[in-house]
Amino acid sequence: MSKVSRRKFLAGSLAGGAAVMVAPAQKALAAGNFSGFPDGMGVLVDMTRCVGCRSCEAACNKEQNLPAPEQSFDDYSVFDQTFHHGTQKRRPTEGAYTVVNRYETEGSDKPTYRKIQCMHCNEPSCLTSCFVKAYTKTNEGAVIYDEHVCVGCRTCMVACPHHIPAYSYSRVIDPVVKKCIFCYETRVSKGKPPACVDICPAQVMTFGKRKDLLRIAHARIKRNPEKYQDEVFGEHTVGGSAWMYLSGAPFEELGFDTDLPTEPVISNVKGFLGMVPMVLAIWPALFTGMHLLATKNKDHGHEDSHAEEGEE
Ligand code: SF4
Ligand code: SF4
Ligand code: SF4
């Protein structure tokens, strides 16, 4: 089984089991039924402008109150880091919701920098795969989650076609999933651009309504066809996303998965449902038990802290 098809199979398998639990409540998100968020916001990332300063990483760290990084944000040696025998570059983690990587591409003497974070998909498979409904797609386009509801089952990590959710391995008790939340509470819900967008000194990112960003993106390509690839990544991939990219270099040379389908990942799940019925029986039962246990523990924690507050 090839790398891509194996991953799609796994994504389908885990999301499939969970989909049984969430299907009625999230019917509107099923492929083909999704009416979308016509006035949803988004970000257009023009990678031809990025200079790799990592200011966006620093801004995200501050805005989201994330722990201090192991290497400071002005340490550019991070661009040399590779993993899995040199096949992968840095990915977002529980302590860094966005990272910037450097790529040398064929036919160009200048590197290209790519900022990675959650794409805030139009039809998010993290959401449709989560049987405890920890995720929400807001009208503004942000895909957010409630970590008090998350049971740390990691289904969304497997379901995400962009490999974004990270696991909080540092939390020994009650680990949860972590990812970019589009600065929803502090900024985007108030009409303000995300912190990473705001700080960028090279105006790499444009914040606005998704439909306007698409117009801007295609106008840039039309004006400068020799500068840009004739594609807006995120316009159609897995149903489209709020975050989209313009590139001078071929997207596949920058670590983008150009084999992803245009249909949302949830539609792959449908085929899987018929294949492995046992998963459907076991998976929800297993994680319902986990959820009840985790909720019970959390409730105890809350009671304890309330009791402490009440004590004088
Ligand atoms: S990129 Fe992944 S984590 Fe982000 S909204 Fe899409 S499916 Fe969810
Ligand atoms: S949108 Fe907010 S949470 Fe997401 S990468 Fe940017 S600063 Fe971080
Ligand atoms: S702040 Fe802007 S120029 Fe600097 S790395 Fe981030 S996207 Fe690139």
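Residues numbered from 1 in each chain as written. Chains lettered and ligands numbered in written order. Predicted model: local features only at pLDDT ≥ 70, side-chain atom pairs only at ≥ 80, totals over all residues. Heavy atoms only, no water.

Quick look at the site of ligand 1
Around ligand 1 there are 14 residues in total, and C118, M119, C121, C126 and C160 lie nearest to it. Class assignment of the residues belonging to the shell around ligand 1 gives a composition of 10 nonpolar, 3 polar and 1 charged. (Near = heavy atom within 4 Å. Nonpolar A, V, L, I, M, F, W, Y, C, P; charged D, E, K, R; others polar.)

Quick word on the environment of F131
Note on placement: F131 falls in the loop between α3 (125-129) and β4 (135-137). Sequence spacing of F131 and C150 is 19 residues, and the spatial spacing of their C-alpha atoms is 9.5 Å. (Helix = DSSP H or I, 4+ residues; strand = E, 2+ residues; numbered from the N terminus.)

Re the packing of aromatic side chains
Applying the stated criterion across every chain yields a total of 9 aromatic pairs. The side chain of R154 reaches across the aromatic face of Y167, ending 4.3 Å from its centre. (Phe/Tyr/Trp six-rings, centres within 6.5 Å; stacked < 30°, edge-to-face > 60°. Lys NZ or Arg CZ within 6 Å of the ring centre and 35° of its normal.)

Focus on the side chain of E57
With respect to the secondary-structure elements, E57 resides in helix α2 (residues 55-63). A distance of 3.0 Å separates a polar atom in the side chain of E57 from a polar atom in the side chain of R54. A polar contact is formed between the side chain of E57 and the backbone nitrogen of V100, at a distance of 3.0 Å. Filtering out sequence-adjacent residues up to four positions away, E57 remains in contact with F73, R90, T98, V99 and V100. (Polar contact = N/O pair within 3.5 Å; in protein donor to acceptor, adjacent residues only side chain to side chain. Contact = heavy atoms within 4.5 Å.)

Focus: α2
Side chains that are three or four residues apart share a direction in an α-helix, a result of its 3.6 residues per turn. Residues C56, E57, A59, C60 and N61 constitute the buried set of α2. Buried residues in α2 make contact with β2 (99-103), β3 (112-116), α5 (195-199) and β8 (205-209). N65 sits one or two residues past α2 and shows a positive phi near 50°. (Buried < 20%, exposed > 50% of the residue type's maximum accessible area, 1.4 Å probe, protein only.)

Here we look at the nonpolar core
If you look at the biggest cluster of nonpolar residues, it comprises 31 residues, and the most contacted ones within it are V43, V45, F182, M205, W243 and Y245. Contributions of two or more residues to this core are made by β1 (41-46), β2, α5, β8 and β9 (243-246). Ranked by size, the runner-up nonpolar core spans 25 residues in total, among them Y97, F131, C150 and C160. (Core = buried A, V, L, I, M, F, W, Y, C linked by side-chain atoms within 4.5 Å.)

A closer look at the pairing of β2
Among the 5 residues of β2, 4 are classified as buried, and the element is accordingly described as predominantly covered. One ladder, built from 5 bridges, connects β2 with β3; its direction is antiparallel. Looking at the pairing, Y103 lines up with T112 of β3. (Pairing = 2+ DSSP bridges.)

Some thoughts on a negative patch on the surface
Negative charge collects at one region of the surface, where D230, E231, E252 and D259 lie side by side. Within the secondary structure, D259 is located in the loop between β9 and α7 (266-275). Of the residues examined, D259 reaches a relative accessible area of 49% and is grouped as partly exposed. (Patch = residues over 30% accessible without salt bridge, like charges linked within 9 Å, V, L, I, M, F, W, Y side chains within 5 Å. Areas by Shrake-Rupley, 256 points an atom, 1.4 Å probe, with all protein chains shown as cover. Salt bridge = Lys/Arg side-chain N within 4 Å of Asp/Glu carboxyl O. Lys, Arg positive; Asp, Glu negative; His and termini not counted. Charge placed at Lys NZ, Arg CZ, Asp CG, Glu CD.)

So, unusual backbone geometry
Leaving glycine out, the prevailing phi sign among residues is negative, and the prevailing peptide bond configuration is trans. In the Ramachandran plot, N65 falls in the positive-phi region, its phi being about 50° despite a non-glycine side chain. Even without being glycine, H85 reaches a positive phi, approximately 55°. When you line up the elements, H85 lands in the loop between α2 and β2.

Some points on the pattern of salt bridges
Under the counting rule described, the total for this entry stands at 12 salt bridges. For E63, the salt bridge identified is with R187, shortest N-O distance 3.3 Å. With E63 in helix α2 and R187 in the loop between β7 (177-178) and α5, this residue pair connects regions lying 124 residues apart in the sequence. The residue K178 makes a salt bridge to E147 at a minimum N-O spacing of 2.8 Å. One end of the pair, K178, is in strand β7; the other, E147, is in the loop between β5 (143-145) and α4 (155-159), and 31 residues separate them in sequence. Note on K178: relative accessible area 15%, which makes it buried. Owing to a relative accessible area of 24%, E147 belongs among the partly exposed residues under this scheme.

Some words on the confidence of the model for the protein chain
When pLDDT is averaged along the protein chain, the result is 80; 73% of the residues meet or exceed 70. pLDDT under 50 marks residues 1-33. Its contacts with residues more than four places away, or in other chains, come to 68 contacts. Long-range and interchain partners of residues 294-312, a stretch whose pLDDT sits below 50, account for 6 contacts in this model, where long-range means more than four residues apart. (pLDDT = per-residue confidence, 0-100.)

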